[in-house]
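The residues making up each chain are set out below.
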Amino acid sequence: MRALLAVLTLLLAAACGQQEPEEPVNAEDVMFVQMMVKHHRQGIEIARTGTSRATTSELKTLTAAIESTQQDEVEMLLRWLHSWQQPLTPATEAHDHHGGQPETDVKQIQALKASKNFEYDLCNLLIAHQDDAVQMAAGEVADGANPEVQRWAAQVQASRRGQIDLLMDLIKK
């Protein structure tokens, strides 16, 4: 009887060590979060360039806010992936099989850094980059399973649309 209790205790302890996520997680959730980590890191680099080079106070403030917010969000995204016991990055070819959303090319970021029409080019690059985030979030809202990730994706849609509107206004000035 003691041996049976010992075995049951060990099995119970092992089961407690391998917790399942409290909320459901599907492949869309994982892919979205993995893709957003990379996307945010690109956004942080763009924003950091804007914060250092922009002369318009509104643009400096916006890029500083983007940089700070997206850094916090990257940390949250990585925590989610870790808690789900998922890789922090998607497979190399996964981007192509997941709607093929365009990404901000390293060459575009390098061109921005050397731009002679910096603020205009910064606004245009950020508009395109933030619109990509809106499109990626739409897929999560439609097909994700995790309510927390879906709520955050909806927030991404709303906040990035607001940033796009602000950037459009700045271009018109």
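Structure: above.
Residues numbered from 1 in each chain as written. Predicted model: local features only at pLDDT ≥ 70, side-chain atom pairs only at ≥ 80, totals over all residues. Heavy atoms only, no water.

A.B. asks: How should the nonpolar core be read in this particular structure?
C.D. replies: Generally speaking, a soluble globular protein has its nonpolar side chains buried in company with each other. Counting residues in each nonpolar core, the largest one holds 21 residues, and the members touching the most others are Phe32, Val33, Met36, Leu77, Trp80, Trp84 and Trp152. Secondary structure elements with two or more residues in this core: helix H2 (27-53), helix H3 (57-83), helix H6 (118-143) and helix H7 (147-172). Those residues in contact with Phe32 that sit more than four places away from it in its chain are Met136, Ala137, Glu140, Val149, Trp152 and Ala153. In this structure, Ile46, Leu59, Cys123 and Leu125 belong to the second largest nonpolar core, which totals 17 residues. (Core = buried A, V, L, I, M, F, W, Y, C linked by side-chain atoms within 4.5 Å. Buried < 20%, exposed > 50% of the residue type's maximum accessible area, 1.4 Å probe, protein only. Helix = DSSP H or I, 4+ residues; strand = E, 2+ residues; numbered from the N terminus. Contact = heavy atoms within 4.5 Å.)

A.B. asks: Explain the packing of helix H5 (residues 106-113) against H6 to me, please; I cannot follow it from the model alone.
C.D. replies: Packed helix pairs are characterised by how far apart their axes lie and by the angle those axes make with each other. Packing of H5 against H6 brings their axes to within 9 Å, and their N-to-C directions diverge by 155 degrees. In terms of orientation, H5 and H6 fall into the roughly antiparallel class. In the crossing of H5 with H6, the sense of the turn from one axis to the other is left-handed. Residues Gln108, Ile109 and Leu112 of H5 lie in contact with H6, whose contacting residues are Phe118, Asp121, Leu122 and Leu125. Classifying every residue of the contact of H5 with H6 by side-chain character gives five nonpolar, one polar and one charged. (Axes fitted to C-alpha atoms, helices over the stretch in contact; angles between N-to-C directions. Parallel < 35°, antiparallel > 145°, perpendicular 65-115°, else oblique. Left-handed = near helix turned anticlockwise from the far one by under 90°. Nonpolar A, V, L, I, M, F, W, Y, C, P; charged D, E, K, R; others polar.)

A.B. asks: Just checking my understanding: could you explain the side chain of Glu119 for this structure?
C.D. replies: Relative to the helices and strands, Glu119 is located in helix H6. Of the buried charged residues, Glu119 lacks a salt bridge, with Lys60 as the closest side chain of opposite charge at 7.5 Å. Within the local environment of Glu119, its side chain forms a polar contact with the side chain of Thr56, the two groups lying 2.3 Å apart. Not counting the four nearest positions on each side in its chain, Glu119 is found in contact with Ala54, Thr55, Thr56 and Leu59. (Lys, Arg positive; Asp, Glu negative; His and termini not counted. Salt bridge = Lys/Arg side-chain N within 4 Å of Asp/Glu carboxyl O. Polar contact = N/O pair within 3.5 Å; in protein donor to acceptor, adjacent residues only side chain to side chain.)

A.B. asks: Mind showing me how you'd approach the environment of Ala111 here?
C.D. replies: Checked against the element boundaries, Ala111 lands in helix H5. When its relative accessible area of 49% is taken as the criterion, Ala111 is described as partly exposed. Separated by ten residues in sequence, Ala111 and Asp121 have C-alpha atoms that sit 9.1 Å apart.

A.B. asks: Looking at this structure, how should I read the environment of Ile44?
C.D. replies: Relative to the helices and strands, Ile44 is located in helix H2. Through-space distance from the C-alpha of Ile44 to that of Gln71 is 7.0 Å; in sequence the pair is 27 residues apart. In contact with Ile44, other than residues within four places in its own chain, are Glu67, Gln70, Gln71 and Val74.

A.B. asks: Which parts of the structure should I look at to understand the pattern of salt bridges?
C.D. replies: For side chains bearing opposite charge, pairing can occur when the charged atoms are close. Per the stated rule, a full pass over the model turns up three salt bridges. In this structure, Lys113 engages Glu45 in a salt bridge whose closest nitrogen and oxygen atoms are separated by 3.0 Å. In this pair, Lys113 sits in helix H5 while Glu45 sits in helix H2, placing the two residues 68 residues apart along the sequence. Residue class for Lys113 comes out partly exposed when judged on its relative accessible area of 35%. When the shortest N-O distance is used, the salt bridge between Arg160 and Glu73 registers 2.7 Å. Of this pair, Arg160 sits in helix H7 while Glu73 sits in helix H3, placing them 87 residues apart in sequence. The exposure class of Arg160 is buried, given its relative accessible area of 3%.

Nothing here speaks to function; it is geometry throughout.
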